[in-house]
Amino acid sequence: MNVRTTIAGEAHDHSLLLRALEVYELDCLDFAEAYLVASAEATGVGAILSFDRSIDRVTTTARIAP
């Protein structure tokens, strides 16, 4: 299964993927971190536990260092 097939799958929330792509482009995060940010925003979680300081560039979600 490739990325295109995964993104096109019915199991994914397309608005979540679009927001992750937006964060990826605007805040220059890796896609994995951008997806975490988009997921945190969508679920109302206020923070992400991560060593990755690039998440600090996003103003909608706080990063907590483990």
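Calculation notes
Residues numbered from 1 in each chain as written. Predicted model: local features only at pLDDT ≥ 70, side-chain atom pairs only at ≥ 80, totals over all residues. Heavy atoms only, no water. Salt bridge = Lys/Arg side-chain N within 4 Å of Asp/Glu carboxyl O. Helix = DSSP H or I, 4+ residues; strand = E, 2+ residues; numbered from the N terminus. Buried < 20%, exposed > 50% of the residue type's maximum accessible area, 1.4 Å probe, protein only. Expected span 1.5 Å × (residues − 1). Arc of directions from axis to C-beta. Polar contact = N/O pair within 3.5 Å; in protein donor to acceptor, adjacent residues only side chain to side chain. Contact = heavy atoms within 4.5 Å.

**Q** Any details on the pattern of salt bridges? Residues and values, ideally.
**A** Should their charged atoms come close, side chains of opposite charge can pair. On inspection of all chains with the given rule, the structure shows three salt bridges. Glu-41 serves as the salt-bridge partner of Arg-19, at 2.7 Å between the closest nitrogen and oxygen. With Arg-19 in helix α2 (residues 14-26) and Glu-41 in helix α3 (residues 31-43), this pair connects stretches of sequence that are 22 residues apart. Assessed through its relative accessible area of 26%, Glu-41 is described here as partly exposed. The closest approach of N and O atoms between Asp-56 and Arg-63, which form a salt bridge, is 3.0 Å. If you follow the salt bridges from partner to partner, you end up with Arg-19, Glu-22 and Glu-41 in one network.

**Q** Before we move on, can you summarise α2 with the specific residues and values?
**A** Look at α2: 18 Å from first C-alpha to last across 13 residues, which is about the 18 Å you get at 1.5 Å a residue. Residues of α2 that are buried: Leu-16, Leu-17, Ala-20 and Val-23. Taken end-on, α2 shows its buried residues confined to a sector of 120 degrees, consistent with a single buried face. Exposed positions of α2 whose direction lies more than 90 degrees from the buried face are Leu-18, Glu-25 and Leu-26. Of the residues trailing α2, Cys-28 is marked for its positive phi of about 55 degrees.

**Q** Summarise the side chain of Ser-50; cite the residues concerned and give the values.
**A** Take Ser-50: it is sitting in the loop between β1 (47-49) and β2 (62-64). Overall, the relative accessible area of 12% leaves Ser-50 in the buried class. Reaching out from Ser-50, the side chain makes a polar contact with the backbone nitrogen of Asp-52 at a distance of 2.9 Å. Beyond its immediate stretch of four places on either side in the chain, Ser-50 contacts Ile-55, Arg-63, Ile-64, Ala-65 and Pro-66.

Purely geometric stuff here, so don't read any function into it on its own.
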